[in-house]
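Chain by chain, the residues:
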Amino acid sequence: MRQAPLSKIDLVLRPPVLVYGGPYSNLRALTALRERADELGIPASHVICTGDVVAYGAEPEETAAAVRAWGCHVVAGNCEAQLATAAEDCACGFEQGSECDRLAKGWYPFAKARISAESRSWMGGLPGSLTALIGDLCVRVIHGGVTAINRFVFASQRGVIAEELEHAQADVVVAGHAGLAFIERIGNRVWFNPGAIGMPANDGTPDTWYGLIGAEDNSLLFSTRRLHYDHQAAAAAMMGHAYANGYARALVTGLWPSLDVLPPAERAATGQRLHERTVRVLAAAPTR
Ligand SMILES: [Fe+2]
């Protein structure tokens, strides 16, 4: 079952493991997630972030510093890769001229101007992926796609997921970037996006999302979980910045300011409340 040679394994972890993505400069969401990890008894050594620590929110430097202080594992997102080199844009993969592209011209310079040299240096040292052995499964943590850091991969795109999994050299891929939590199984492999903690999931609720990898008998359990946090305070912190008002509203309404990046199925689900899910995978499945 194991898809990566042992020499490529960076971490060996015993469940539970907490995985999350997209803090997006939302310090209050990050603080709430850390408290949740403490409640669950999960140490920083068993927490992995899929990147985009910095993006839309009001506190880019504070959030980056808080992630470092926590000491969890972090895979570089496109935002970290770009900020590390003081690049001119976020390289999010938005279509030129789209609403997302226009909005990124607001938040990216805001974040870039506030990131310290220390944070920039930390971002430059982040790995592009991490491979963990969890139970007997090889779990590869990436940012967007296996083939491109800024590839958007959504649940409805079964063909894209299958293609990406073919390149993964792992049983399970944990990915971020797309901002919506989902778990999709294709054959014996699993694509697990634990969602983003820094922005709601366009489901009409202000909650954000993280993921857990637990164990039961000889199986691993992959779960998506809601995160409640002080979204009103996070929105208030953004309202003073002109670029950010659309994102501030999204923190409260739970609806994204633009649906540009969404495939038709996810677009049609706008405002429909998402449900937490758990998918069970045999931890010692037979070799294909
Ligand atoms: Fe990203």
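Residues numbered from 1 in each chain as written. Predicted model: local features only at pLDDT ≥ 70, side-chain atom pairs only at ≥ 80, totals over all residues.

Draft legend 1. Fine view of the overall build of the protein chain. Secondary structure assignment for the protein chain yields 9 helices and 12 strands. In terms of C-alpha radius of gyration, the protein chain reaches 18 Å, essentially the compact-globule figure of 19 Å for 288 residues. Overall, the C-alpha framework of the protein chain stretches about 55 × 40 × 35 Å when taken along its three principal axes. Counting only residues that meet the buried cut, the protein chain has 49% of its 288 residues in that class. Contacts in the protein chain between residues far apart in sequence, at least 24 positions, make up 71% of those at least 6 positions apart. (Helix = DSSP H or I, 4+ residues; strand = E, 2+ residues; numbered from the N terminus. Rg over C-alpha atoms; globule rule 2.2 N^0.38 Å. Buried ≥ 20, exposed ≤ 12 C-beta atoms within 10 Å, placed from the backbone. Contact = placed C-beta atoms within 7 Å.)

Draft legend 2. How the structure looks around the packing of helix H7 (residues 231–239) against helix H8 (residues 245–253). Where H7 meets H8, the closest approach of the two axes is 8 Å, and the angle between their N-to-C directions is 170°. Classed by the angle they form, the pair H7 and H8 counts as roughly antiparallel. Counted together, His231, Gln232, Ala234, Ala235, Met238 and Met239 of H7 and Asn245, Tyr247, Ala248, Leu251 and Val252 of H8 form the full contact between these two elements. Classifying every residue of the contact of H7 with H8 by side-chain character gives 8 nonpolar, 3 polar and no charged. (Axes fitted to C-alpha atoms, helices over the stretch in contact; angles between N-to-C directions. Parallel < 35°, antiparallel > 145°, perpendicular 65-115°, else oblique. Nonpolar A, V, L, I, M, F, W, Y, C, P; charged D, E, K, R; others polar.)

Draft legend 3. Representation of the nonpolar core in the model. Leu33, Val139, Val141, Val173 and Ile197 are the most contacted members of the largest nonpolar core, which has 92 residues in total. Counting residues per element, this core draws most heavily on helix H1 (residues 27–40), which supplies 6 residues. (Core = buried A, V, L, I, M, F, W, Y, C linked by C-beta atoms within 7 Å.)

Draft legend 4. Expanded view of the sheet that holds strand E4 (residues 73–74). Reading across the sheet, the 6 strands line up as E4-E3-E2-E10-E11-E12 and stay open at both edges, with mixed pairing between neighbours. The sheet is open, and its two borders are formed by E4 and strand E12 (278–282), each paired with just one other strand. For strand E2 (residues 17–20) and strand E10 (residues 208–216), the ladder comprises 3 bridges, and the chain directions are antiparallel. Following the sheet pairing, Val19 is matched in E10 by Gly211. Its contacts with the sheet place H1 against E2, strand E3 (47–49), E10 and strand E11 (219–227), and it is angled at close to 140° to E11. (Pairing = 2+ DSSP bridges.)

Draft legend 5. Representation of the packing of H1 against helix H2 (residues 60–70) within the structure. Between H1 and H2, whose axes approach to 9 Å, the crossing angle comes to 15°. In terms of orientation, H1 and H2 fall into the roughly parallel class. Remark: the crossing between H1 and H2 carries left-handed chirality. For the pair formed by H1 and H2, the contact residues are Leu27, Leu30, Thr31 and Arg34 on the first element and Glu62, Thr63, Ala66, Val67 and Trp70 on the second. Here the residues of the contact of H1 with H2 are counted per class, giving 5 nonpolar, 2 polar and 2 charged. (Left-handed = near helix turned anticlockwise from the far one by under 90°.)

Draft legend 6. Seen up close, the sheet that holds strand E8 (residues 182–186). Ordered in space as E1-E5-E6-E7-E9-E8, the 6 strands form an open sheet in which the pairing is mixed. A single partner strand is all that each edge strand has here, and the edge strands are strand E1 (11–13) and E8. Taken pair by pair, the neighbouring strands of this sheet meet at an average axis angle of 20°, ignoring direction. As paired elements, strand E5 (residues 130–134) and strand E6 (residues 137–141) share 5 bridges and run antiparallel to each other. Pairing of Ala132 across the sheet is with Val139, part of E6. Each of strand E7 (172–174), E8 and strand E9 (189–193) is contacted by helix H6 (residues 158–166), which is oriented at about 70° to E8, the strand it contacts most.

Draft legend 7. Layout of the pairing of E11. Here 9 bridges tie E10 to E11, and the two strands are oriented antiparallel to one another. Considered in E11, the bridge of Leu212 is made with Ser223. Connecting the antiparallel pair E10 and E11 is a turn made up of 2 residues, with Asp217 showing a positive phi of about 50°. The sheet contact formed by E11 and E12 spans 5 bridges and is antiparallel. Within the sheet, the bridge partner assigned to Leu220 lies in E12 and is Val281.

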